[in-house]
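# Results of the structural survey
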Amino acid sequence: MSVCPEVRLMSGVCMPMLGLGTSHKGGFDQDTVRLAMQEVGYRHVDTAQRYNTEQEVGLALRQAEGVDRDQVFITTKLWPGSYGYQSCLEQADLSLARLGTDYLDLYLLHWPEALNSSTVEETWRAMELLLESGKVKAIGVSNFQERHLQRLFTTATVVPRVNQIEFHPYQQDRSLVGFCEENKIVVEGFSPLGKGTVLGEKQVLKVAKEVGVTPAQVLIRWSLQNGVVTIPKSTNIKRVRENFAVWHFQLTESHMTALNSLHQNLRVTWDSSQVL
Ligand code: A2P
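Residues numbered from 1 in each chain as written. Predicted model: local features only at pLDDT ≥ 70, side-chain atom pairs only at ≥ 80, totals over all residues. Heavy atoms only, no water.

### As for the overall build of the protein chain
Which entries qualify depends on this criterion: Helix and strand definitions follow DSSP, with helices as H or I runs of at least four residues and strands as E runs of at least two, each counted in order from the N terminus. The globule rule used for comparison is 2.2 Å times the number of residues to the exponent 0.38, while the radius of gyration itself is calculated over C-alpha atoms. Exposed residues in this analysis have more than 50% of their type's maximum accessible area, buried residues have under 20%, and partly exposed residues fall in between, with area computed by a 1.4 Å probe over protein chains only.
Counting its secondary structure elements, the protein chain contains 10 helices and 10 strands. Rg of the C-alpha trace for the protein chain: 18 Å, near the compact-globule value of 19 Å for 276 residues, within the 12% margin. Over its C-alpha atoms, taken along the principal directions, the protein chain stretches across nearly 55 × 45 × 30 Å. Here the protein chain holds 276 residues, and 56% of them are scored as buried.

Encoded structure:
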């Protein structure tokens, strides 16, 4: 099994740079998640309250032979309809119970705006308490733009350690990535394949041919070489294997330049740029 590089979060926790996404859209297969850990070598799985996959991820983790809980980095996220101080504490316990674990490696606020009468700020205070209690090893956010982070900084005691955002060649918010880097916030990219839309891109196909790998492997490697943690999704064990076989090659500077030039601000999922 290949060893995946890790990034150390400001909290001291180490996060594998390549993980497995399990978003509900596009399906979910528990056995694929188990095999990803047991046979392929994935040590990082991303889920969320919203995806309805926490229970299955927990079962897959317990069923994965030879893989202990402490070897796997588990992320889940709090849905904005559940924001609020008390609600966050309760929902974290529910996520822990569904996952069948007594701690999370990373807990994220899923969205920069509450979808109830609560606020992001009061919810973040509960996230900080969860961190202090040891129920979560690191806390962060998802889909936050720079202004959302700036606003959170004004009341937060603990700065988010991770911002999980859409990141692939057609969606590369370099300004946000730079801001996160300056503030020691690790950027984690979801949908590195643009949900499949970038797989047929001419430049990607060209690089794949030159290097002798698949388009998906080019895209995953491109994220990693940009210093972005990445969590491709697949319900198919063959593709899950393919997506993890990215340690035997490197993209050249000219490949990186070509792919870096493809940004077109295309989003394949929710767009938080309109959230004030
Ligand atoms: P499937 O689950 O049938 O493998 P993203 O991670 O960018 O959101 O993309 C996920 C989508 O890309 C899913 O529809 C998944 O389909 C597909 N996918 C994942 N890995 C590969 C791959 N190696 N080659 C082609 N399609 C893939």
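Still more ground to cover, so stick around.
### As for the sheet that holds strand β9 (residues 186-190)
To keep it simple, the criterion reads: Pairing between strands requires that DSSP locate at least two bridges from one strand to the other.
Ordered in space as β3-β4-β5-β6-β7-β8-β9-β10, the eight strands form an open sheet in which the pairing is parallel. With one partner strand each, in any of the chains shown, β3 (20-21) and β10 (229-230) form the two edges of the open sheet. The pairing of strand β4 (residues 44-46) with strand β5 (residues 73-78) spans three bridges and is classified as parallel. For V45, the partnering residue across the bridge sits in β5 and is I74.

### Quick word on unusual backbone geometry
In the Ramachandran plot, N143 falls in the positive-phi region, its phi being about 65° despite a non-glycine side chain. With respect to the helices, strands and loops of the structure, N143 is situated in the loop between β7 (139-142) and α5 (146-153).

### Topic: the packing of aromatic side chains
Aromatic rings in a pair are described by how distant their centres are and how their planes are angled relative to each other. Rules: Think of it this way: a Phe, Tyr or Trp ring, Trp meaning its six-membered ring, pairs with another when their centres are within 6.5 Å, and the plane angle makes it stacked under 30 degrees, edge-to-face over 60, tilted otherwise.
In the structure shown here, the tally under the stated rule is six aromatic pairs. Relative to F244, the ring of Y42 has its centre 4.5 Å away and its plane inclined at 35°; by these criteria the two rings are tilted. Remark: F244 occurs in helix α9 (residues 237-244) and Y42 occurs in the loop between α1 (30-40) and β4; sequence separation between them is 202 residues. F244 carries the same exposure label as Y42, and that label is buried. Consider the rings of W79 and W270, whose centres lie 5.4 Å apart with planes at 55°: the pair is tilted. Placement of the pair is W79 in the loop between β5 and α3 (85-99) and W270 in the segment after α10 (253-260), with a sequence separation of 191 residues. Feature note: the residues Y42, F244 and W247 constitute an aromatic cluster, connected by ring pairs.

### Quick notes on the pairing of β9
For β9, a buried count of five out of five residues is recorded, marking the element as mostly surrounded by other parts of the structure. Residues V186, E188 and F190 of β9 are buried on one face, and the alternating residues V187 and G189, pointing to the opposite face, are buried as well. With five bridges joining them, strand β8 (residues 162-166) and β9 adopt parallel strand pairing. Its bridge partner being in β9, Q164 is matched across the sheet by E188. Strand direction decides the pairing type here: β9 and β10, joined by two bridges, are parallel. Considered in β10, the bridge of G189 is made with T230.

### Describing the packing of helix α8 (residues 215-225) against α10
Put simply, the rule reads: Here the axes come from fitting lines to C-alpha atoms, over the contacting stretch only for helices, and the angles between their N-to-C directions go from 0 to 180 degrees. Roughly parallel means an angle under 35 degrees; roughly antiparallel, over 145; roughly perpendicular, 65 to 115; everything else is oblique. What makes two residues a contact is simply this: any of their non-hydrogen atoms within 4.5 Å. The residue classification treats Ala, Val, Leu, Ile, Met, Phe, Trp, Tyr, Cys and Pro as nonpolar and Asp, Glu, Lys and Arg as charged. All others, Gly included, are polar.
Look at α8 against α10: their axes get within 11 Å of each other, and the N-to-C directions meet at 95°. It follows from the interaxial angle that α8 and α10 lie roughly perpendicular. Contacts between α8 and α10 involve V218, W222 and Q225 from the first element and M256, L259 and N260 from the second. Considering only residue class, the contact of α8 with α10 consists of four nonpolar, two polar and no charged.

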